[in-house]
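# Analysis of the macromolecular model
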Amino acid sequence: MDDTDVRRTAQRVMELVLRHQRTASAHDARPPAGGPCPACRDAHLPQVERYVAAGEPVLLVLPAFPGKSPNTAKVLGVLPDTAERLALEFLAGLTRRIREVYAPGARILICSDGRVFGDVVGIPDSDITAYQQEMRHLIDALPQPAGIDLFNLEDIPELAGLGHDRMREVLCEQYAEPLEQLRERVRAGEEVALYRAMTRFLFEDGNTPEYTGSRAALQRDARTRAYAVMQRSKAWGDLLGDRFPGAVRLSIHPQPCGAEKLGIHLVDTPDNWLTPWHSVALRTAGGDYVLMKRQEAEELGAEPVLVDGRPAHYALPAAVAAA
Ligand SMILES: [Zn+2]
């Protein structure tokens, strides 16, 4: 492959990824005729070109799939279900499409951040372990090669044998930004959308039927914990940047135009911030799936559908019979 071929192949790979771009604000450079934003595509081309020039699979690093929200008004339980399966099938479809334009293909490394901030968001370590094991089963059940791997905090050799709390401490000692500095940056207008979304998730997750405190107290607590989640997430992201220096960095959150990370959708959802682990999958009468909060599915009259004896998603009554 000469340089022109390398560039053209890398552009085609990036265009496949950008079809699923999750955007928040306007992307100035988006062509009027549609298609991917050139500024976002070009921000990641050098990494892709290096893989293509070397004839290696393109490595895409995706911090995601921490564990199910602890709020049962939003999710079915602690284990991955149809919502995660759909997202994994989507990611496997993306690596398959990339193989069609570039034979060595791509590897998506899911870097689960559950162990990193589970204590802050209220997911017990045992639930995170169970979630990760079931994620492994779901990945193994995909048509192979799926091009998807998992990477967790405990997969770092230096942390092997430590307790989960100590692993988090070591991560923070080595990578965490001081909380006061993070607060200053948010006050100055940086990462405000992420901070607001994080606060909203934590408020919702804490606003369970069992909660008896005031809304104001819950809101205050959510704000404090949002900073801690952002601090840990960023530490995890920086560690991943060191460990996988040439990789294309993906995110499940919308990112600014041309940013070093690229926000992508995992499943079709009307809410730009909704993820499989904060929701359930609802099977529509047409057989498609959409993500929504469990409570919303139940308010629509949807009923749980069992897969392998476990509730896996919801279906509307007409579709329940057909499922
Ligand atoms: Zn853009």
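Scope of this entry: the structure provided in the associated data block. Because the structure is a prediction, the values reported are computed rather than measured.

Rules used throughout
Residues numbered from 1 in each chain as written. Predicted model: local features only at pLDDT ≥ 70, side-chain atom pairs only at ≥ 80, totals over all residues. Heavy atoms only, no water. Helix = DSSP H or I, 4+ residues; strand = E, 2+ residues; numbered from the N terminus. Buried < 20%, exposed > 50% of the residue type's maximum accessible area, 1.4 Å probe, protein only. Pairing = 2+ DSSP bridges. Axes fitted to C-alpha atoms, helices over the stretch in contact; angles between N-to-C directions. Salt bridge = Lys/Arg side-chain N within 4 Å of Asp/Glu carboxyl O. Contact = heavy atoms within 4.5 Å. 1 Å grid on protein atoms, 1.4 Å probe; cavity = no way out; pocket = protein on both sides within 12 Å on 5 of 7 lines; lining within 4 Å. Points joined across faces, edges and corners; volume = space filled by probe spheres on them. Nonpolar A, V, L, I, M, F, W, Y, C, P; charged D, E, K, R; others polar. Expected span 1.5 Å × (residues − 1).

So, on to unusual backbone geometry. Q144 connects to P145 through a cis peptide bond whose omega is 0°. With respect to the helices, strands and loops of the structure, P145 is situated in the loop between α5 (125–140) and β3 (148–151). Residue F65 is not a glycine yet carries a positive backbone phi of 55°. Relative to the assigned elements, F65 resides in the loop between β1 (58–63) and α3 (82–101). Its identity is not glycine, yet D308 carries a phi of approximately 50°, on the positive side. Relative to the elements of secondary structure, D308 occurs in the loop between β8 (303–307) and β9 (310–315). Here D308 falls in the exposed class, since its relative accessible area comes to 80%.

Moving on, we come to the sheet that holds β8. To summarise the sheet geometry, strands pair through backbone hydrogen bonds and adopt either a parallel or an antiparallel arrangement. Taken in spatial order, the four strands of this open sheet run β7-β6-β9-β8, and their pairing is mixed. Two strands bound the open sheet, and with one partner strand each, they are β7 (289–292) and β8. This sheet shows a mean twist of 45° between the axes of neighbouring strands, independent of strand direction. Taken together, the four bridges between strand β6 (residues 280–283) and β7 define a ladder with antiparallel strand orientation. Bridge pairing in β7 links V280 to M292.

The next point concerns the pattern of salt bridges. Inspection of every chain in the model, using the stated rule, returns 31 salt bridges. A salt bridge links R168 to D119; the shortest N-O distance between them is 3.6 Å. Highlighted residues: R168 in helix α6 (residues 164–175) and D119 in helix α4 (residues 114–121), separated in sequence by 49 residues. Taken together, the shared-partner salt bridges connect R115, D119, D125, E154, D165, R168 and R232 into one network.

A word on the environment of P104. In this fold, P104 is placed in the loop between α3 and β2 (106–111). Residue classification places P104 among the partly exposed positions, given a relative accessible area of 34%. Residues P104 and V58 lie 46 residues apart in sequence; the distance between their C-alpha atoms is 7.9 Å. Not counting chain neighbours up to four residues away, the residues in contact with P104 comprise G55, E56 and P57.

So, on to the layout of surface pockets. Taken as a whole, the largest pocket holds about 980 Å³ of empty space. Forming the walls of the largest pocket are 42 residues, and the residues nearest its centre are L194, S251, H253, Q255 and K261. Of all the elements in the fold, those that place two or more residues in the lining of the largest pocket are α4, α7 (179–187), α8 (192–206), α9 (215–243) and β4 (248–251). In terms of residue class, the lining of the largest pocket is built from 23 nonpolar, 10 polar and nine charged.

Time to look at α5. With 16 residues, α5 extends 23 Å between its outermost C-alpha atoms, agreeing within 8% with the 22 Å of an ideal straight helix rising 1.5 Å per residue. Of all the residues in α5, the buried ones are I128, Y131, Q132, E134, M135, L138 and I139. Looking at the packing, one finds that the buried side of α5 touches α3, β2, α4, β3 and β9.

Evaluation of the coordinates by the stated rule reveals one cavity of 30 Å³ or more. In this model, the largest cavity occupies a volume close to 40 Å³. Forming the boundary of the largest cavity are 12 residues, of which Q21, Q255, P256, K261 and L262 lie nearest the centre. Taken together, the elements giving at least two residues each to the lining of the largest cavity come down to α2 (38–54) and β5 (261–263). Tallying contributions element by element places β5 first for the lining of the largest cavity, with three residues. The residue inventory of the lining of the largest cavity, partitioned by class, reads four nonpolar, six polar and two charged.

For the rest of this paragraph, the subject is the sheet that holds β3. With parallel pairing, five strands are arranged side by side in an open sheet as β3-β2-β1-β4-β5. The open sheet terminates on both sides in strands that have one partner only, identified here as β3 and β5. Pairwise comparison of adjacent strand axes, ignoring direction, gives a mean angle of 30° for this sheet.

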